[in-house]
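Descriptive structure summary
Chain by chain, the residues:
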Amino acid sequence: MRAFEAVQKYFHRAADQLELADSRRTLLITPRREVQVQIPVEMDDGGLRILIGYRVQHNRARGPMKGGLRYHHEVDLDEVRSLASLMTWKTAVVNLPYGGAKGGIAVEVAKLSPRELERITRKFVDEIHDMIGPDTDIPAPDMGTDHRVMAWIMDQYDKYHGFNPGVVTGKPVEHYGIPGREEATGRGVGLLTVKLLSRLGRKMADARVAIQGFGNVGTHAAKFLHEASCKIVAVSDSKGGFYRPDGIDVPGALHYALSHGRLSPGYADAERITNEELLELEVDVLIPAALGGAIHAGNAPRIKARVIIEGANGPVHPDADAILDQAGAVVLPDILANAGGVTVSYFEWVQNRQHYRWSLDRVRQELDKTLSTAFEDAWDLARDRKVTLRTAAFMLGIGRVDRATTLGGIS
Ligand code: NAD
């Protein structure tokens, strides 16, 4: 099953509950616009490379379209389309005045020099500058992109359309960014893990947690949960995992990852395990925070965690979701669990438009408020309708987008 088909499965499960007619479903699920562009770039060695870039604008019924930009060698149109539609439901679940979009370039960032990365980014903006903008479509960081890439996008856009810091979010704090954006997704994952454990009546102190992916989302989630007195027993990156039954020294691991660029292969203060082994550990909470599709029908029966928090986008395949549900596991879905990033992106966009500076305290407070409201809405709906948290979150998102579409008028 391809990524977009997987999102559609979840969509239809919720649409059934909402008793949406077929024509409404087609209207809501079909992307508004999809663009594929050629990006010819000169590499540092003088050679010419032709890359492919994508931008999918899924839905704008509730506001300008919002979504990250992913640089990864496996990026293709189907993946970008699925991530764009997730953004539509995500921005609606947390009730931000945005629609959904996503973009990406099929490229292996680790093999690029910073100058090559910059040239590729600027060339991409040359191709799509007419379709993005602070009132139309606002990119942000995702896998393989960061605050530097966002600053280059803003600068290149400026060459065509003038000063417009709100065209992109996730910019450096010193360059029109907002404090707290970098930590926001992982912090939100942590906050919501605490809320879910509390709602389930599970003890927070010493809850055993395994985190797959030690990048932006994984590191900040680890930091937050460690400070909330959970025990992070395993972490991993693309080259493998690390396990310490009595708890990883999180500040030490963060320091190591920061100074070496990554954990693998050198981090020595834990036992080496594979990424597959990490997913199947005897833990209370599992946080897949790397790529989509990590938990599938093949490994789902061996997953022992009874609380799964989707830090990544689409980490649980629909077939696996059903297996986990039958086994009594509770899954907090991506469109809610990792919505902290887009929430603080929204604050950044508001700040840029108001030319006003927000403090870190205010950002954290508003993030907590926004995510808590969305979590309680989803929790209550799941309980009332006897559906999973995923179906409840999709119902909230789809219902809001459907109402905005009706109120805005279709023809
Ligand atoms: P990142 O590039 O900062 O980190 C990704 C991490 O995953 C790295 O540690 C990498 O080594 C690891 N990884 C890559 N392939 C792996 C594999 N096959 N097995 C195990 N680990 C692997 O990316 P990120 O920003 O932390 O994003 C992670 C996930 O979270 C993605 O699915 C992304 O779409 C989602 N997400 C990110 C944000 C954000 O604000 N950054 C917001 C919402 C969702």
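Read on for a plain summary of the structure. (Residues numbered from 1 in each chain as written. Predicted model: local features only at pLDDT ≥ 70, side-chain atom pairs only at ≥ 80, totals over all residues. Heavy atoms only, no water.)

Details of the pairing of strand S6 (residues 208-212)
This is how it is decided: Note on exposure labels: buried denotes an accessible area under 20% of the residue type's maximum, exposed denotes more than 50%, and partly exposed covers the range between, all computed with a 1.4 Å probe on protein chains only. What counts as a helix is a DSSP run of H or I of at least four residues, what counts as a strand is a run of E of at least two, and both are numbered from the N terminus. Strands pair, by our definition, only if DSSP identifies at least two bridges between them. Here the term right-handed applies to a crossover when the path leading from its first strand over the helix to its second strand runs clockwise, the strands being oriented away from the viewer.
Buried residues dominate S6, accounting for four of its five residues. The pairing of S6 with strand S7 (residues 231-237) spans five bridges and is parallel. In the strand pairing of S7, Ala210 is matched with Ala234. Viewed along the sheet, the connection from S6 through helix H7 (residues 216-227) into S7 turns out right-handed. With four bridges connecting them, S6 and strand S10 (residues 285-288) associate as parallel partners. Among the inter-strand pairings, Ile211 is bridged to a residue of S10, identified as Ile287.

Things to note about the pairing of S7
Along S7, six of the seven residues are buried, which leaves the element largely enclosed by surrounding structure. Strand direction decides the pairing type here: S7 and strand S8 (residues 240-243), joined by four bridges, are antiparallel. Note on S8: the bridge partner recorded for Ser236 is Gly241. Here S7 folds back onto S8 in antiparallel fashion, the turn holding two residues.

A look at helix H3 (residues 77-93)
Since the α-helix advances by 3.6 residues per turn, residues separated by three or four positions end up pointing in the same direction. Just so we agree on the cut-off: Under the convention used throughout, the expected extent of a helix is 1.5 Å for every residue step, that is, one less than its residue count. By the criterion applied in these results, polar contacts are pairs of N or O atoms within 3.5 Å in which, for protein atoms, one can donate a hydrogen and the other can accept it, and in which residues neighboring in sequence qualify only through two side-chain atoms.
With 17 residues, H3 extends 24 Å between its outermost C-alpha atoms, agreeing within 8% with the 24 Å of an ideal straight helix rising 1.5 Å per residue. Taken across its 17 residues, H3 has 16 buried, putting it largely inside the fold. The N-terminus of H3 is capped by Asp76, whose side-chain oxygen sits 3.3 Å from the backbone nitrogen of Asp78. Backbone geometry just after H3 places Asn95 at a positive phi near 60°.

Remarks on the site of the ligand
We count it as follows: Definition of nearness: a residue and a molecule or strand are near each other if at least one heavy atom of the residue lies within 4 Å of the molecule or strand. We get accessible surface area from the Shrake-Rupley algorithm with a probe of 1.4 Å; when it comes to residues, only the shown protein chains can shield them. Charged residues are taken to be Asp, Glu, Lys and Arg, nonpolar residues to be Ala, Val, Leu, Ile, Met, Phe, Trp, Tyr, Cys and Pro, and polar residues to be all remaining types, Gly included.
The ligand sits among 22 residues. The nearest are Arg70, Asp142, Thr185, Ala290 and Asn313. Gly215 places a main-chain nitrogen or oxygen 3.2 Å from an oxygen atom of the ligand. At 2.9 Å, a backbone N or O of Val217 approaches an oxygen atom of the ligand. Here the ligand has 830 Å² of accessible area as a free molecule, and 82% of this is covered by the chains. When contributions to the shell around the ligand are tallied by element, the ones reaching two or more residues are helix H6 (181-199) and H7. Taken together, the residues of the shell around the ligand break down into seven nonpolar, 11 polar and four charged.

Examining unusual backbone geometry
Here the bond from Ser264 into Pro265 is cis, since omega is 0°, no more than 30 degrees from zero. Tracing the sequence through the fold places Pro265 in the loop between helix H8 (250-260) and strand S9 (271-273). Positive phi, normally seen in glycine, also occurs at Asn95, with a value near 60°. You can see Asn95 is positioned in the loop between H3 and strand S4 (99-105). Phi at Tyr176 is positive, roughly 75°, even though this residue is not glycine. In this fold, Tyr176 is placed in the loop between helix H5 (147-161) and H6. Note on Tyr176: relative accessible area 34%, which makes it partly exposed.

Observations regarding the sheet that holds strand S11 (residues 307-309)
How we decide: Working convention: axes come from line fits to C-alpha atoms, limited for helices to the stretch in contact. Angles between N-to-C directions cover 0 to 180 degrees.
The seven strands are arranged S9-S8-S7-S6-S10-S11-S12 in an open sheet whose pairing can be described as mixed. Edge positions in the open sheet fall to S9 and strand S12 (330-332), since each of these has one partner strand only. Sheet twist, expressed as the average angle between the axes of neighbouring strands with direction ignored, equals 20°. Bridge analysis of S10 against S11 gives two bridges, and the strand direction is parallel. When the bridges of S11 are listed, Val285 appears paired with Val307.

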